[in-house]
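# Descriptive structure summary
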Amino acid sequence: MAHVGGVRGLAGAGLVGRVARPNRLGTLGHFMRTKPLGAFGAVLLLALIFTAVFADVLAPYDPYKIHQGHSLVAPSPQFLMGTDEISRDILSRVIYGARISLWVGIVAVGLGTTSGSLLGILSGYVGGKFDFAVQRLVDMIMSLPTIVMALAIMAALGQSITNVMIAIAIVISPSACRVIRGTVLAVKEHQYIDAARAIGCGDLQLMLRHVLPNVAAPIIILATTSLGGAILSEASLSFLGLGTPPPTPSWGGMLTSTGRSYFEVSPWVAVFPGLAISLAIYGFNLLGDALRDVWDPRLRGR
Amino acid sequence: MRQYIIRRILVFIPTILALSLLIFALIRVVPGDAALIMLAESGSAAGLPGQGQVGFGGRKVSNEQLDALRAHLGLDRPLHEQYVTWVLGAARLDLGVSPWSGKPITYEIQRRIPVSAELGVLAMLVGLSIAIPVGVISAARQDTWMDYVGRAVSIGGLSVPGFWIGTLLIVFPSIWFNWLPPIRFVPFFEDPLANLQQFAFPALALGVGLSASVMRMTRSQMLEVLRQDYVRTARAKGLRERVVIYRHALKNAMIPVITIMSIQFGHLLGGTVIMETIFNLPGVGRLTLDAVTSRDYLQLQGNVLFLGTVFAVVNLVVDLLYAWLDPRIRYT
């Protein structure tokens, strides 16, 4: 145990030496100065989270409310982003859509990275035949292109928000499993693992107390970068009519084929939800890139 | 080299078998009776006789129809038998007959391959012709405004969903130029010009998405290669910068780019589903989505197996290409 503390203490000391710990604002300022694009991404994401959390307050109308006699109204002071073909306020739907996107994204990524990481830790730690079997399972899932895989899962499970989350989680988990397994294999060779074992640590304790904290950084990076992809997958599935079922406001669903015949006369129906998706994913990509550079130089440029 | 090829091909066969098992299991996960869902949600199957009604979801389905469909799908036989029959059939390129269209599944796939292949090739061309020049310039002029613009745009390209670009490419030309994509599909050999017109926008929408990650890879590889000693030697010899970059650096930077392209091929396959749907192109992707919406599980199962196999073959070819280009791979 003392060894573990020592190693972590050293790593901590290295960090403290570079960026003084009490000065959190200074660290933030440093990040903003060296990674302006990353900071911009963080701002976009904060805006997204803010919108999702305060959707009830921010949205001018109920996203399901049908404004009789106001179908396909162009953007105006009354309806800032216009209305759709069944007379619902697009701005309100875009705002509530942030909630759905973020919710689906967070649950799916949480589920996918947690299960993938746990399996990865187990696979890397136990090794042998178990590792071989798990890795072949991972190969199997990865042998299908993501959208095709998600499509097949949705076809099998049926259309619902829960199933979208499950489908995306299944698609995400293999890469988490693979990356974490690789890291565990490296961590396993360290002396502090031998030391912990020597003082009588059990396997479970070793994995959870000593291996897990040391693979936490790649897990966090993976989760951040997967979130953007998960939101995009939800939007794509909903766009294809297999994701979040209507009338729930989902960005991808708002662009789906049912409204398509109206796009030529009322382009705002198509423009705003797509803009919202793009900005959200842009934010995740910018921040993910910057975090990767700061935390894990080995992954840089990949 | 020969040993490597043999080893790699030996890995390929279990991969395909595992894939088939996964797909088979996935389709069997359908909660409830697949045949009942198929009939209830899609109306009666063509050519399957029957009377006597079973109620499901408001629609009446006859018992005979249900039995006929179950027998047709092989659902009345034990699981392992179903799987073996399916896989052995697949090996002979016989995936059964779609209960909906009444045509062989391989025939349905086969006649749509040219459309998807053309879309894929054109998208790849669009993607590469954007990605490689921009990546090279971005690396050669690192940290200048050109580099920043190139990088910002490439992250942008990664962020904008293909289906949105595709939708906008239909909406705005129609508003501005009164141009609408033709409703009827024209094969290339019938009228090449009309055909290319039809493919231009979907290929563009798909290619832009592909270009982003290829551009990033090209840039980072070029940066790495440009720092190598032999590049310095080339410069010291007095070669022009253009020659150094294109003849000496780019060639070696391209090897990892090939790998990223094989990963991108998966996105390309997924992208064809979306683009073929938006632009009304009768390709394999569209067929797959239609199989999902019409609950044609047999067709879906066949299509997914086909797409997965194509993906696996591309990965195999890329691996072999990679080994051929970079001798270090063969010996590890």
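Keep in mind it's a predicted model, so treat the numbers as computed, not measured. Along each chain, residues carry numbers from 1 onward, in the same order as the chain's sequence is written. Chain labels run from A onward and ligand labels from 1 onward, assigned in the order the entries are written. Given that this is a predicted model, residues contribute local features only at a pLDDT of at least 70 and side-chain atom pairs are listed and counted only at 80 or more, while totals for whole chains, interfaces and linings are drawn from all residues. Side-chain metrics in this entry use all non-hydrogen atoms of the structure; hydrogen atoms and water are not considered.

## Thoughts on the packing of helix α5 (residues 90-126) of chain A against helix α8 (residues 161-188) of chain A
All names here are of chain A. Where we set the bar: Axis angles are defined between N-to-C directions and span 0 to 180 degrees, where every axis is a line fitted to C-alpha atoms and, for a helix, only to the segment in contact. By the criteria applied, helices consist of DSSP H or I runs no shorter than four residues and strands consist of E runs no shorter than two, each listed in order from the N terminus. The sense of a crossing depends on the near helix, which, turned anticlockwise from the far helix by less than a right angle, makes the crossing left-handed and, turned clockwise, makes it right-handed. Amino acids are sorted into nonpolar (Ala, Val, Leu, Ile, Met, Phe, Trp, Tyr, Cys and Pro), charged (Asp, Glu, Lys and Arg) and polar (every other residue, Gly among them).
Closest axis-to-axis distance for the α5/α8 pair is 5 Å, and the angle between their directions is 35°. Judged by the twist between their axes, the crossing of α5 over α8 is right-handed. A breakdown of the residues in the contact of α5 with α8 according to their chemical character gives 21 nonpolar, 9 polar and 2 charged.

## A few points about the packing of α5(A) against helix α6 (residues 128-142) of chain A
All names here are of chain A. We apply this condition: When describing relative orientation, an angle under 35 degrees is termed roughly parallel and one over 145 degrees roughly antiparallel, while 65 to 115 degrees is termed roughly perpendicular and anything else oblique. Contacts were defined at the residue level, with two residues in contact if any of their heavy atoms lie within 4.5 Å.
The contact between α5 and α6 brings their axes to 7 Å, and the two run at 140°. Compared by their axis directions, α5 and α6 come out oblique. The crossing of α5 and α6 is left-handed. Contacts from Leu119, Leu122, Ser123, Gly124 and Val126 of α5 reach α6 at Gly128, Phe130, Asp131, Val134 and Gln135. Of the residues assigned to the contact of α5 with α6, the class counts are 5 nonpolar, 4 polar and 1 charged.

## What about the interface of chain A and chain B?
Under the convention used in this document: Here a polar contact is recorded for every N or O atom pair within 3.5 Å, except that within protein the pair must consist of a potential hydrogen donor and a potential acceptor, and residues adjacent in sequence are included only if both atoms are side-chain atoms.
Contact residues are listed per partner, giving 41 residues for chain A and 45 residues for chain B. Seen at the junction of chain A and chain B, the total is 2 residue pairs in polar contact (both at pLDDT 80 or more). Looking at the side of chain A that touches chain B, the elements that each hand over two or more residues are α6, α7 (146-157), α11 (216-239), α13 (260-263) and α14 (268-295) of chain A. With 12 residues, α14(A) is the single largest residue contributor to the side of chain A that touches chain B. Grouping the amino acids of the side of chain A that touches chain B by side-chain chemistry returns 29 nonpolar, 7 polar and 5 charged.

## With respect to the packing of aromatic side chains
Within a pair of aromatic rings, the relevant descriptors are the distance that separates the centres and the angle that separates the planes. Residue and element names in this part refer to chain B. Threshold: In summary, the pairing rule links any two rings of Phe, Tyr or Trp, Trp by its six-membered ring, whose centres are within 6.5 Å, and it sorts them by plane angle into stacked for under 30 degrees, edge-to-face for over 60 and tilted for everything else. Under the scheme applied here, a residue whose accessible area is under 20% of the maximum for its type counts as buried, over 50% as exposed, and between as partly exposed, the area being computed with a 1.4 Å probe on protein chains only.
Taken as a whole and assessed by the stated rule, the structure comprises 9 aromatic pairs over all chains. Look at Phe185 and Phe199: their rings are 6.1 Å apart centre to centre, the planes differ by 90°, and that puts the pair in the edge-to-face class. Of this pair, Phe185 sits in the loop between α8 (162-176) and α9 (192-226) while Phe199 sits in helix α9, and the two are 14 residues apart along the sequence. Judged by its relative accessible area of 18%, Phe185 is buried.

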